Amino acid sequence: MILGSSSPFRKSLLEKLAIDFDCISPELDESPLPGESVTALVERLAIDKAKAAAALGTGPALVIGSDQLCVIDGEICGKPLNRANAIAQLSRAAGKTVTFYTGLALYNSQTGRCQSLVEPFEVQFRSLTLGQIASYVDKEEPFWCAGSFKCEGLGIALFERLSGRDPNSLIGLPLIALTAMLEEEGAGPLG
């Protein structure tokens, strides 16, 4: 089993399933194609990551690829990378519902079969003051997180409501869907 990601958050999530896996971080261009929708983009990137990681592996494997995009007011928001951008993103999100789309792919490098899907998850942000936002950003420094927060940490204080099938998808890896995909390949975590 291979996780095609260098994300410590995805690695930590996958460890919940108590399966052995290696991490391989493929390098790819994540630019959207002309006219590509958010859901098509995030699913394509998950598939591309799984296949690219498989090509870097050392033999037949089940390879997991995942990607996530945050959409505020119809616009894709990337990782903030710095304090100013994180504050700006959270200021835009305050008082609004923001949708996260997580693409998931499971590629069997031996058979060539690839299962994929997009898991949406909605976050209703509280109305927040600039002081509250700055305080949060300074405490958690969520510079490498889509949406500028860590919901598994203090970020939970930013929300009014969470809505989705799998809270793990908000962190970056939908484990409920992945479990079903693994079972389709005869490799479910429960045997």
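Rules of the game
- Residues numbered from 1 in each chain as written.
- Predicted model: local features only at pLDDT ≥ 70, side-chain atom pairs only at ≥ 80, totals over all residues.
- Heavy atoms only, no water.
- Helix = DSSP H or I, 4+ residues; strand = E, 2+ residues; numbered from the N terminus.
- Rg over C-alpha atoms; globule rule 2.2 N^0.38 Å.
- Buried < 20%, exposed > 50% of the residue type's maximum accessible area, 1.4 Å probe, protein only.
- Contact = heavy atoms within 4.5 Å.
- Areas by Shrake-Rupley, 256 points an atom, 1.4 Å probe, with all protein chains shown as cover.
- Lys, Arg positive; Asp, Glu negative; His and termini not counted.
- Charge placed at Lys NZ, Arg CZ, Asp CG, Glu CD.
- UniProt positions renumbered as here; feature names shortened; annotations may be inferred.
- Polar contact = N/O pair within 3.5 Å; in protein donor to acceptor, adjacent residues only side chain to side chain.
- Pairing = 2+ DSSP bridges.
- 1 Å grid on protein atoms, 1.4 Å probe; cavity = no way out; pocket = protein on both sides within 12 Å on 5 of 7 lines; lining within 4 Å.

(A) View of the overall build of the protein. Scanning the protein from N- to C-terminus turns up 6 helices and 7 strands. Across the protein, helices and strands are ordered from the amino to the carboxyl terminus as β-α-β-α-β-β-α-β-β-α-β-α-α. Computed over its C-alpha atoms, the radius of gyration of the protein comes to 17 Å, within 12% of the 16 Å expected for a compact globule of 191 residues. When the backbone C-alpha atoms are referred to their principal axes, the protein occupies close to 50 × 40 × 25 Å. Counting across all 191 residues of the protein, residues that qualify as buried make up 48%. Restricting the contact set of the protein to residue pairs at least 6 apart, pairs at least 24 apart contribute 65%. If you sum the accessible surface of the protein, you get close to 9100 Å²; carbon and sulfur atoms cover 51% of it. Taken as two groups, the 16 positive and 23 negative side-chain charges of the protein have centres that lie 5 Å from each other.

(B) Just helix α6 (residues 175-184), in detail. Turning to α6, its buried residues number three or more, namely Leu175, Ala177, Leu178, Thr179, Met181 and Leu182. In this structure, the buried side of α6 is in contact with α1 (8-15), β3 (62-72), β5 (97-108), β6 (114-125) and α5 (167-171).

(C) Region of the structure containing the UniProt feature "active site" (unreviewed entry) in the protein. Listed under "active site" (unreviewed entry) in the UniProt record, and renumbered for this structure, are Asp67. If you trace the backbone, Asp67 turns up in strand β3. A relative accessible area of 4% places Asp67 in the buried class. The contacts of Asp67, once residues within four sequence positions are left out, are Arg10, Glu30, Val42, Leu45, Ala46, Lys49, Tyr101, Thr102 and Gly103. At 2.6 Å, the side chain of Asp67 forms a polar contact with the side chain of Lys49.

(D) View of the pairing of β6. Bridge count for β5 against β6 is 11 bridges, and the pairing is antiparallel. Looking across to β6, one finds that Leu106 is bridged to Gln115. The hairpin formed by β5 and β6 contains 5 residues between the paired strands, and Gly112 there has a positive phi angle of roughly 85 degrees. Inspection of the sheet shows β6 paired to strand β7 (residues 159-164) by 5 bridges, in the antiparallel sense. Following the sheet pairing, Gln124 is matched in β7 by Arg161.

(E) Seen up close, the UniProt feature "site: Important for substrate specificity" (unreviewed entry) in the protein. The positions UniProt marks with the feature "site: Important for substrate specificity" (unreviewed entry) are Phe9, Gln68 and Glu152. When the annotated set is filtered for residues lining the largest pocket, what remains is Phe9, Gln68 and Glu152. The topology assignment puts Gln68 in strand β3. The residues touching Gln68, leaving out its near neighbours within four places in the chain, are Arg10, Val42, Phe100, Tyr101, Thr102, Ala146, Ser169, Leu170, Ile171 and Gly172. A polar side-chain atom of Gln68 sits 2.8 Å from the main-chain carbonyl oxygen of Ser169.

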